[in-house]
Amino acid sequence: MGAVLSYMGSILSYLFGGSVVAGEDSASDGQSGVTAFHSSARWQLHFNSMKNTTQLMVIDFAASWCGPCKLMEPAVHALAAKFTDVQFAKIDVDELPDVAQEFGVQAMPTFVLVKKGNEVDRIVGAKKEELQSKIEKHRPFQAAA
């Protein structure tokens, strides 16, 4: 029974954006937990899987040519490493313009915070402290001080 559950877990992880062994359409940083999506179908599977959980997801809408996005990248990776109970997704607006349009993204970087499939907050611009503050506000688990 344990082997069956382990196998099913592996399949679900693969389908819903967990660890991807040879996936061309998403890539995880491994250390920081930021998952980049390169396929609208893969993104929709992941997004839909998050609708049934209270886990916070931070969606980083960026572009490869965007200077402020590049400046924020190390900060986003650091936040992902710090807040391991939060999902971090990266969407390149040039690769997935339909996803950016669905979320009404008009400037980069834009960070959309989502719970149960609904936007709970948004930060437009390279505002590391504001992003961290809003993550702390919306994450489900608060570590004891």
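Look above for the structure.
Bear in mind the structure is a predicted one, so any value in this text is a computation, not a measurement. Every chain's residues receive numbers from 1 upward, in the order its sequence appears when written. Residues qualify for local features only when their pLDDT is at least 70, as the model is predicted, and side-chain atom pairs are given and counted only at 80 or more; totals for whole chains, interfaces and linings, by contrast, use all residues. By convention in this description, side-chain values take in all heavy atoms of the structure and omit both hydrogens and water.

**Q** Where do I start with the pairing of strand E6 (residues 118-124) in this structure?
**A** Within a regular strand, side chains alternate between the sheet's two faces. Sheet topology places strand E5 (residues 110-115) next to E6; six bridges connect them, and they run antiparallel. In the strand pairing of E6, Leu 113 is matched with Asp 121. Between any two strands, pairing holds if DSSP finds at least two bridges. Put simply, DSSP marks the helices as runs of H or I at least four residues long and the strands as runs of E at least two long, and each gets a number from the N terminus on.

**Q** I would appreciate a short explanation of the pattern of salt bridges in the present structure.
**A** A pair can form between side chains of opposite charge whenever their charged atoms are brought close. Whenever Lys or Arg places a side-chain nitrogen within 4 Å of a carboxyl oxygen from Asp or Glu, that contact is recorded as a salt bridge. Considering all chains together, one arrives at five salt bridges under this definition. As a salt-bridge pair, Arg 139 and Asp 85 come within 3.2 Å of each other at their nearest N and O atoms. One end of the pair, Arg 139, is in the segment after helix H5 (128-138); the other, Asp 85, is in the loop between helix H3 (67-82) and strand E4 (87-92), with 54 residues separating them in the sequence. Classification of residues uses two cut-offs on accessible area relative to the type maximum, computed with a 1.4 Å probe and protein chains only: under 20% is buried, over 50% is exposed, and between them is partly exposed. Residue classification places Asp 85 among the buried residues on the basis of a relative accessible area of 11%. Arg 122 is the salt-bridge partner of Glu 119, the closest N and O atoms lying 2.9 Å from each other. Glu 119 gets classed as partly exposed once you look at its relative accessible area, which sits at 41%.

**Q** How should the packing of H3 against H5 be read in this particular structure?
**A** Angle between the axes and distance between the axes: these two values describe a pair of packed helices. Helix axes use the C-alpha atoms of the stretch in contact, all axes being lines fitted to C-alpha atoms, and the angles between their N-to-C directions lie in the range 0 to 180 degrees. Two elements in contact, H3 and H5, have axes whose closest approach is 11 Å; the angle formed by their N-to-C orientations is 25°. Here H3 is positioned roughly parallel relative to H5, judged by the angle of their axes. In the crossing of H3 with H5, the sense of the turn from one axis to the other is right-handed. Across the interface between the two elements, Met 72, Ala 75, Val 76, Leu 79 and Lys 82 from H3 touch Lys 128, Leu 131, Gln 132, Ile 135 and Glu 136 from H5. The residue classification treats Ala, Val, Leu, Ile, Met, Phe, Trp, Tyr, Cys and Pro as nonpolar and Asp, Glu, Lys and Arg as charged. All others, Gly included, are polar. Among the residues making up the contact of H3 with H5, the classes are represented as six nonpolar, one polar and three charged. In what follows, roughly perpendicular refers to angles from 65 to 115 degrees, roughly parallel to angles under 35, roughly antiparallel to angles over 145, and oblique to any angle outside these ranges. Rotating anticlockwise by less than a right angle from the far helix to the near helix defines a left-handed crossing, while the corresponding clockwise rotation defines a right-handed one. The criterion used for residue contact is that any of the two residues' heavy atoms lie within 4.5 Å.

**Q** What is the right way to read H3 from this model?
**A** For the α-helix, the turn length of 3.6 residues means that residues three or four positions removed from each other point alike. Each residue after the first adds 1.5 Å to the expected span of a helix. Its 16 residues place the ends of H3 24 Å apart at the C-alpha level, agreeing with the 22 Å of an ideal helix rising 1.5 Å per residue. We define the bend at any residue as the angle between the axes fitted to the seven residues before and including it, ending there, and the seven starting there. For H3, the principal kink sits at Glu 73 and spans about 35°; a proline, Pro 74, occurs within the next four residues. When H3 is considered as a whole, its buried residues turn out to be Cys 69, Met 72, Ala 75, Val 76, His 77, Leu 79 and Ala 80. The elements touched by buried residues of H3 are strand E2 (34-37), strand E3 (57-62), E4, E5 and H5.

**Q** Would you mind showing me how to read helix H2 (residues 40-50) here?
**A** Listed in full, the buried residues belonging to H2 are Arg 42, Trp 43, His 46, Phe 47 and Met 50. Considered in projection along H2, the buried side chains sweep an arc of 130° and stay on one side of the axis. Where H2 begins, one side-chain oxygen reaches toward the backbone nitrogen of Ala 41, 3.3 Å away; that side chain belongs to Ser 39. The directions from the helix axis to the C-beta atoms form the arc being described. Whenever a nitrogen or oxygen atom comes within 3.5 Å of another N or O atom, the pair is scored as a polar contact, on the condition that within protein one atom can donate a hydrogen and the other can accept it, and that pairs from neighbouring residues in sequence are kept only if both atoms are in side chains.

**Q** For this particular structure, what's the right way to read the nonpolar core?
**A** Generally speaking, a soluble globular protein has its nonpolar side chains buried in company with each other. Counting residues in hydrophobic clusters, the biggest one holds 21 residues, and the most contacted among them are Trp 43, Met 57, Ile 59, Phe 61, Ile 91, Val 99 and Phe 103. At four residues, the largest contribution of residues to this core is made by E3. Those residues in contact with Val 99 that sit more than four places away from it in its chain are Ser 40, Trp 43, Phe 61 and Ile 91. Judged by nonpolar contacts, the second largest core, of 15 residues, contains Met 72, Ala 80, Val 86 and Ile 123. By convention a nonpolar core is built from buried Ala, Val, Leu, Ile, Met, Phe, Trp, Tyr and Cys residues, the set being connected through side-chain atoms within 4.5 Å.

In short, geometric facts, not functional conclusions.
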